Amino acid sequence: MSNGDRKHKKWRPRDILSVPQLEDSHKDYELIYETDEQLSEDGDVTLSYDLQNSSYEDTFTEEDEDKAKALKTISSRIENTLVTQSSFDATKKYRIDYQKELNPEQCIAVSVLDKPLLVIAGAGSGKTRVIIYKVAYLIENGFDPSSIVLLSFTRKASSEMIERTHTLLQNDAVKRVRGGTFHSFANRTLRKYGAMVGIPSNFTIIDVKDAEDIIDLQRQNLEIKADMRDGYKFPSKSTIQKMVSRSRNTEQSLKRIVDEQYNSDVFLKDIEAIYASFQTYKEKKNVLDYDDLLEKLRDGLKNNEQFRAAIQRSIQYVLVDEYQDTNNAQREIIELMVGNRSCVTVVGDDSQSIYAFRGANYENILRFSESFPQGVCVKIEENYRSGKEVLDFTNEIIKNARIGLKKKLRPQNATGVLPVIKRFDDANREAEYIASTIQMLRQEEENRYSDFAVLTRTSWVSGFVQTALMRHSIPFIVVGGIKFSERRHIRDVLAFLRVIQNPVDDVSWHRILNIVPGVGRVRASEIISSIVTQNGSINFQEFAHTSFYTVLTQYEQLYQSVVGKDMPPKKIVEHVIPVYRTLLAGVEDDYETRMQDVVMLADIAGSYPSLSDFLSSFVLDPPSDRYRESATPLINPEQRKDSVVVSTIHSAKGLEWRTVFLPVVLDGVLPLEKSFGSLEALEEERRLFYVASSRVKKNLFITMPRHLPSWGRTYTEPSRFLSEIDKNTYSI
């Protein structure tokens, strides 16, 4: 694309410093930072410059800019359809006093029945309450509960909403409401009406694990080898399943998805062949996966008039929760079930659309007026969660959005605490600050540990915080992922460190030999016996005739290069990295992503004076079902409800805490570097920042290290989103 095809913004280039390749990490390097920041004794870096004066480089295509303008025009049309008056019939007697129990905006949303309705419900504004009362209102207005369809994204959410409606009305008929996920609704519908579209009612549904196994079976049947090609490991069955599912949910070609994963088409033809065989297998065996359920229902509604008419006759009203998270197939299902009627209410918030990687299309909520030309809109902007100061801050985040409906949340709670932004000399000091602040606030404000959350853009950046929580004996749980200390690649590297410390540690030897091609359990036992016989001396000469001798010599050289050298633990990890990286590349197709964790482990090791201290602190006393000290219980089954939550932002959506920490808010991490240059991707990153900040009831802490090395990069600048925020809405 030529420069003439782009519109340029004037930004100062980002300060991303190149770092040496880790294969050379045994050499001494010094990164020099030009900064006017002052470092305090405790490692707190004073933000002596104004965040608002920071600027960043980005370019967007004309296509991006044109699309943003088109969506802005569409959004303005929605603004013109706002309903400001309630439709309640004052002469009618209801069991529930809706006007007393709901605020004016909620009351309007519940009462509109004669038009397709879009409800924009801001964070913490009580959207679930709106849906519950609307179901009750429909029933009180004579709608048959069994003809009301309530679609949500989790079975738990829909079940809870129906149960709460039942509590409100004290009417068992409420339990006949057809609540559930899109997939469960599709399953029930196809079971009942599938014969109309040629789908036998006795089809079997397979889950993700089943799909992975079938994919692997097709690979074997096609005699496709799971080998290395052009330096890439052939994708695992789970990776292929994810790529296929993402292709279907986002309606992108499989080629595009594979290109994004590998930046190469080396596996494309084989993956396409496996996918085709996978589809054929399902058809022959009369099985449907999760994606099939939506596609079969959508296609039946679209292409079979008799089927569509039968479904429409069975439905009097459709309610949809979290509409911003729908994909195109789900949107089409809703449109086709409703037809040209007015019997639909969708509730959501375009500012919380953060699941594009799952196929969610934020445009669905913005283009509601195109789907339903007679539709109207209600905005619910009164917030029941956060104090005024936090809302002022979050309103600033979303005010600068290039895409979306404008909104400004109003606090019901007029008092609160200014969000805090702090920068530290390194990630270890940042993590130490978070852990000590949790302890301090827990005592001063009489909080439980469960009142605190640490939310990160990606799971790999939480390793420093998890380690600091361990040091402080703070119980924590990791939501939506595996604890840093329990990840396979971290445990592998720790095994290397343990045999360096104790060469006759047979458990650790078994672990690191297990990833050597050609070494099975018997061979591993022979190698370990040899080490024990030599009293811990590492000499693999007797295995010179084997196919795996080359790898063993690398182990031997690694051992000799660090043992007895009085080397700090960080340097030892850096020596392990190139050896382990080569092995990991042979067994995991996402090894580069996993290596980011390993690089972080090296930095964590840098805060310990010796390998022994590091292993004692990091390995021997992780959070587990036991006690470190009699006075300080760690996580056990009885205490899981009182633990700090460590989570990605994606997994935290819909939740709330009294105090939230957002660490490593650096440009390149939040927003992710790969979003630069794409307006849509960058806007989703902004929405992630908004979602994270709006989880807060009282205290919001945004922190960052002065620099964070990643794989081949070092990030040094605060997030560009911070530069757009009024400095009066936070403290430094």
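Since the structure is predicted, the reported quantities are computational estimates derived from the model, not experimental observations. (Residues numbered from 1 in each chain as written. Predicted model: local features only at pLDDT ≥ 70, side-chain atom pairs only at ≥ 80, totals over all residues. Heavy atoms only, no water.)

S.K.: Residues and numbers for the overall build of the chain, please.
M.R.: Counting its regular elements, the chain contains 27 helices and 27 strands. For the chain, the residues scored as buried account for 55% of the 732 residues in total. In the chain, once contacts between residues fewer than 6 apart in sequence are set aside, the share between residues at least 24 apart is 78%. Per element, the accessible surface of the chain, about 32200 Å² overall, is 46% carbon and sulfur. (Helix = DSSP H or I, 4+ residues; strand = E, 2+ residues; numbered from the N terminus. Buried < 20%, exposed > 50% of the residue type's maximum accessible area, 1.4 Å probe, protein only. Contact = heavy atoms within 4.5 Å. Areas by Shrake-Rupley, 256 points an atom, 1.4 Å probe, with all protein chains shown as cover.)

S.K.: Now, about the sheet that holds strand β7 (residues 148-152): what can you tell me, with residues and values included?
M.R.: Backbone hydrogen bonds hold the strands of a sheet together, and the pairing may be parallel or antiparallel. Read across the sheet, six strands follow the order β8-β7-β13-β14-β6-β15 without closing on themselves; strand pairing throughout is parallel. Each of the sheet's edge strands pairs with one partner strand only, and the pair in question is β8 (178-181) and β15 (376-380). The average angle at which neighbouring strand axes cross in this sheet is 15°, direction not considered. Note that β7 and strand β13 (residues 317-320) share four bridges and pair parallel. (Pairing = 2+ DSSP bridges. Axes fitted to C-alpha atoms, helices over the stretch in contact; angles between N-to-C directions.)

S.K.: Can you break down the pairing of β8 residue by residue, with the values?
M.R.: Working note: regular strand, side chains alternate between the two faces of the sheet. Strand direction decides the pairing type here: β7 and β8, joined by four bridges, are parallel. Bridged to L151 within β8 is G180. In this fold, β7 hands off to helix α5 (residues 155-169), which returns the chain to β8; that crossover is right-handed. (Right-handed = clockwise from strand over helix to strand, strands pointing away.)

S.K.: Can you break down helix α13 (residues 328-338) residue by residue, with the values?
M.R.: α13 sits mainly inside the fold: ten of its eleven residues count as buried. If you check which residues of α13 are buried, you get N328, A329, Q330, R331, E332, I333, I334, L336, M337 and V338. Measuring from the backbone nitrogen of A329 back to the side-chain oxygen at the start of α13 gives 3.1 Å, which picks out N327 as the cap. Phi for G339, located one or two positions after α13, is positive at around 65°. (Polar contact = N/O pair within 3.5 Å; in protein donor to acceptor, adjacent residues only side chain to side chain.)

S.K.: Which residues make up the confidence of the model for the chain, and what are the values?
M.R.: Model confidence for the chain is summarised by a mean pLDDT of 82, while 88% of its residues fall at 70 or above. Here residues 1-39 is a poorly scored stretch, pLDDT under 50, and it has 87 contacts once near neighbours within four places are set aside; other chains count. Contacts for the low-pLDDT stretch residues 620-639, under 50 throughout, to residues beyond four places or in other chains number 42 contacts. (pLDDT = per-residue confidence, 0-100.)

S.K.: Explain the nonpolar core residue by residue, including any values.
M.R.: Among the nonpolar cores identified, the biggest contains 118 residues, and F393, W509, F540, Y555, F614 and F689 are the most heavily contacted of them. Setting aside residues no more than four positions away along its own chain, F689 makes contact with F393, I397, L662, L670, I702, F721, L722 and I725. Core analysis: the next-biggest nonpolar cluster, separate from the first, contains 83 residues, F60, C107, I162 and L319 among them. (Core = buried A, V, L, I, M, F, W, Y, C linked by side-chain atoms within 4.5 Å.)

S.K.: Describe the packing of aromatic side chains, with residues and values.
M.R.: Tallied over the entire structure, the rule returns 23 aromatic pairs. Here the aromatic rings of Y94 and Y98 are separated by 5.5 Å at their centres, their planes lie at 90°, and the arrangement is edge-to-face. Per residue, the accessibility class of Y94 equals that of Y98, and both read buried. Where F496 meets Y580, the ring centres are 6.2 Å apart and the plane angle is 70°; that geometry is what we call edge-to-face. Here F496 is found in helix α19 (residues 488-501), whereas its partner Y580 is found in helix α23 (residues 569-585), with 84 residues between them in sequence. In this structure F496 comes out as buried when scored by relative accessible area, which is 2%. Residue Y580 is classed as buried on the basis of its relative accessible area, which comes to 0%. A connected cluster of aromatic rings, assembled from ring pairs, spans F88, Y94, Y98, Y133 and Y137. Across from the ring centre of Y355, 4.2 Å away, lies the NZ or CZ of R358, which sits over that ring. (Phe/Tyr/Trp six-rings, centres within 6.5 Å; stacked < 30°, edge-to-face > 60°. Lys NZ or Arg CZ within 6 Å of the ring centre and 35° of its normal.)

S.K.: Which residues make up the side chain of R687, and what values go with them?
M.R.: Tracing the backbone through its elements, the reader meets R687 in helix α27 (residues 679-693). Look at R687 and you get buried, because its relative accessible area is 4%. Residues in contact with R687, not counting those within four places in the same chain, are D350, S351, Q352, S353, I354 and Y362.

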